[in-house]
Amino acid sequence: MDNQGTPSYQTSGFNTNINRFVPGGYIVGAFANQRSFVRTVTPGDPDRNPIQVAINEANRLGGGVVNIGIGTYVLGSQINLFNNVFVNGQDSQNTVIDCNGGTYGFVLVGSSGNSKNNVVINNLKIINSTRGSVIDFRFVDYSLISNCIFSNNYGSAQDASTAGDINLSDTSFCRVENNTSSGGEFFASTRGTHLLISNNLINTYRIDGTATIHIRINKSYKLFIKLQNLVFVHNL
């Protein structure tokens, strides 16, 4: 077990000091004991899928932090997340999750009346996915996606219910902050409430040069969704 480099994020819960509805803290009290499990994954780990192995172990212990060291991690299957798990890359430029053209990504799916919660994805570069959404949260509350770089993720990005990079369906109190996206659709929300999409840099053209939709929100479920400080770069 590696207890070095534990992120010093807020662990006192979400506050409501941003327009009275947006979660203000980074993550919730479940991480008050986050040092009980901290694992650092490196490209040289002998496990076939070391990230998933570490996440599974964190889940078995009730949650924890999985730090991912610098290097490239080529996925052969999707990464399944669980409650109270913090996935933290060492360097968003050089901690690369390469989906290798497969229908892979980070997935967490709850259900009505049984939502998942308390999940962070931070400081990763996630590329080359043909999954509908490389981060796919459904029935997930109190989550954070931050400081990530998304590139060349397409899949069914023109599907009305998904996005190439991030899809939040039936989610509440989630933050998407300080990310960079190029290629594919950045964000989609279906039946999402109390969401903050802030300080993201979005390339307004796909890598192949064709235009695409970048943020898609179901207008029937737009309660308390705040978009702020979004920069769109028009690259011909």
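First, a word on what this report is: a plain description of the structure on this page. In this text the structure is predicted, and so the values were computed from the model without any measurement.

### Overview of the pairing of strand β11 (residues 140-146)
In terms of residue burial, β11 counts as a mostly covered element, since six of its seven residues are buried. As defined by bridge partners, strand β8 (residues 116-122) adjoins β11 across six bridges and the pair is classed as parallel. Bridge pairing in β11 links Val120 to Leu144. In this sheet, strand β14 (residues 172-177) lies alongside β11 in parallel orientation, the contact comprising five bridges. Bridge pairing links Leu144 to Arg175 in β14.

### A few points about the pairing of strand β3 (residues 71-74)
Judged by which residues are buried, β3 turns out to be one-sided: Gly71 and Tyr73 face inward and are buried, whereas Thr72 and Val74, on the alternate face, are not. Sheet topology places β3 next to strand β6 (residues 95-98); four bridges connect them, and they run parallel. Its bridge partner lying in β6, Gly71 is registered against Thr95.

### So, the layout of surface pockets
By volume, the largest pocket amounts to about 200 Å³. If you go around the largest pocket, you meet 13 residues; those closest to its centre are Arg48, Asn49, Pro50, Val74 and Leu75. At the level of elements, α1 (50-60) and β3 are the ones that each hand at least two residues to the lining of the largest pocket. Top contributing element to the lining of the largest pocket by residue count: β3, with three residues.

### Things to note about the nonpolar core
If you look at the biggest cluster of nonpolar residues, it comprises 38 residues, and the most contacted ones within it are Phe106, Ile135 and Phe137. Among the elements that line this core, the one with the most residues is α1, at four residues. When sequence neighbours within four positions are dropped, the list of residues in contact with Phe106 reads Ile79, Leu81, Val87, Ile97, Ile121, Leu124, Ile126, Val134, Ile135 and Asp136. With five residues, the next largest nonpolar core counts Val38, Val65, Phe86 and Leu144 among its residues.

### Quick word on the packing of aromatic side chains
In the structure shown here, the tally under the stated rule is one aromatic pair. For the ring pair Tyr142 and Phe173, a centre distance of 5.1 Å and an interplane angle of 5 degrees mean the geometry is stacked. Residue Tyr142 is located in strand β11, and its partner Phe173 is located in strand β14; the two are separated by 31 residues in the primary sequence. Here Tyr142 falls in the partly exposed class, since its relative accessible area comes to 29%.

### So, the pattern of salt bridges
Applying the stated criterion across every chain, the model contains three salt bridges. Where Arg39 meets Glu57, a salt bridge forms, and the shortest distance between an N and an O atom there is 3.1 Å. Of this pair, Arg39 sits in strand β1 (residues 38-41) while Glu57 is found in helix α1, placing the two residues 18 residues apart along the sequence. Since its relative accessible area comes to 21%, Arg39 is described here as partly exposed. Here Glu57 falls in the partly exposed class, since its relative accessible area comes to 21%. In this structure, the salt-bridge partner of Glu177 is Arg175, at a minimum N-O distance of 2.4 Å. Arg175 carries the same exposure label as Glu177, and that label is buried.

Criteria and cut-off values
- Residues numbered from 1 in each chain as written.
- Predicted model: local features only at pLDDT ≥ 70, side-chain atom pairs only at ≥ 80, totals over all residues.
- Heavy atoms only, no water.
- Buried < 20%, exposed > 50% of the residue type's maximum accessible area, 1.4 Å probe, protein only.
- Helix = DSSP H or I, 4+ residues; strand = E, 2+ residues; numbered from the N terminus.
- Pairing = 2+ DSSP bridges.
- 1 Å grid on protein atoms, 1.4 Å probe; cavity = no way out; pocket = protein on both sides within 12 Å on 5 of 7 lines; lining within 4 Å.
- Points joined across faces, edges and corners; volume = space filled by probe spheres on them.
- Core = buried A, V, L, I, M, F, W, Y, C linked by side-chain atoms within 4.5 Å.
- Contact = heavy atoms within 4.5 Å.
- Phe/Tyr/Trp six-rings, centres within 6.5 Å; stacked < 30°, edge-to-face > 60°.
- Salt bridge = Lys/Arg side-chain N within 4 Å of Asp/Glu carboxyl O.

Just distances and angles here, no functional claims.
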